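Below, each chain spelled out in residue letters.
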Amino acid sequence: MPNNRKQSRIRSPQPPRGDSPGGGARGTSRRYLAGAAAGACLLCAVIAKLTGGLEYLSGSASTSGFMIASLTRIGLVFGAIWLAWDSLKRPARWLPPGLAVLGVIAIILVAAQPKLIIAALPLFGVVAVATSVLRVFRR
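Described in the following lines is the structure provided in the data block. (Residues numbered from 1 in each chain as written. Predicted model: local features only at pLDDT ≥ 70, side-chain atom pairs only at ≥ 80, totals over all residues. Heavy atoms only, no water.)

1. Some thoughts on the packing of aromatic side chains
For the structure shown, the criterion picks out zero aromatic pairs. Lying over the aromatic face of Trp82, Arg31 brings its terminal NZ or CZ to 5.1 Å of the ring centre. (Phe/Tyr/Trp six-rings, centres within 6.5 Å; stacked < 30°, edge-to-face > 60°. Lys NZ or Arg CZ within 6 Å of the ring centre and 35° of its normal.)

Right, dumping it as structure tokens:
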């Protein structure tokens, strides 16, 4: 039995779970799956572009071009996920959670009304600096 309260709160280290960035077969296999999907999409896009077989199957050049562009973009996104897999599993400690939400709201506002970037960008900067300064003083 621990002799003081502080010792009773200390937890024993836990083994890594499957989805943790540090280990486990489940997280690693998903990363490899994302890499394989990226490679497959990009390989299909290259083969379709070089052979022209997709144009023959689809019946038109514009549909073929659209499908090749889609395969390329999806492959690049899967490649980015493959590269950033470890970072996706843990939150960015340097970014305050409220700032991330504000950033998403600012992106939605600017997408809906592009002229609002004149007001949204400085407001986002002021809030970012204010939260950073407040975070330093809280410690």
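2. Re a nonpolar patch on the surface
Together, Ile74, Val77, Phe78 and Ile81 make up an exposed nonpolar region whose accessible area comes to about 300 Å². Assignment of secondary structure puts Val77 in helix α4 (residues 61-83). (Patch = residues over 30% accessible without salt bridge, like charges linked within 9 Å, V, L, I, M, F, W, Y side chains within 5 Å. Areas by Shrake-Rupley, 256 points an atom, 1.4 Å probe, with all protein chains shown as cover. Salt bridge = Lys/Arg side-chain N within 4 Å of Asp/Glu carboxyl O. Helix = DSSP H or I, 4+ residues; strand = E, 2+ residues; numbered from the N terminus.)

3. A word on the side chain of Ser64
Within the secondary structure layout, Ser64 lies in helix α4. By relative accessible area, Ser64 is classed as buried at 6%. Ser64 has contacts with Leu54, Glu55 and Ser58, leaving out every residue within four places of it along the chain. (Buried < 20%, exposed > 50% of the residue type's maximum accessible area, 1.4 Å probe, protein only. Contact = heavy atoms within 4.5 Å.)

4. Examining the state of the cysteines
Taken as a whole and judged by the stated rule, the model has zero disulfides. You can see Cys41 has no disulfide; the closest cysteine sulfur is in Cys44, sitting 6.8 Å from it. On the accessibility criterion, Cys44 (42% relative accessible area) is partly exposed. (Disulfide = S-S within 2.5 Å.)

5. Here's the deal with the environment of Ile68
Its place among the elements puts Ile68 in helix α4. Between the C-alpha atom of Ile68 and that of Leu54, which follows or precedes it by 14 residues, the distance is 8.4 Å. Not counting chain neighbours up to four residues away, the residues in contact with Ile68 comprise Ala45, Ala48, Lys49 and Leu54.

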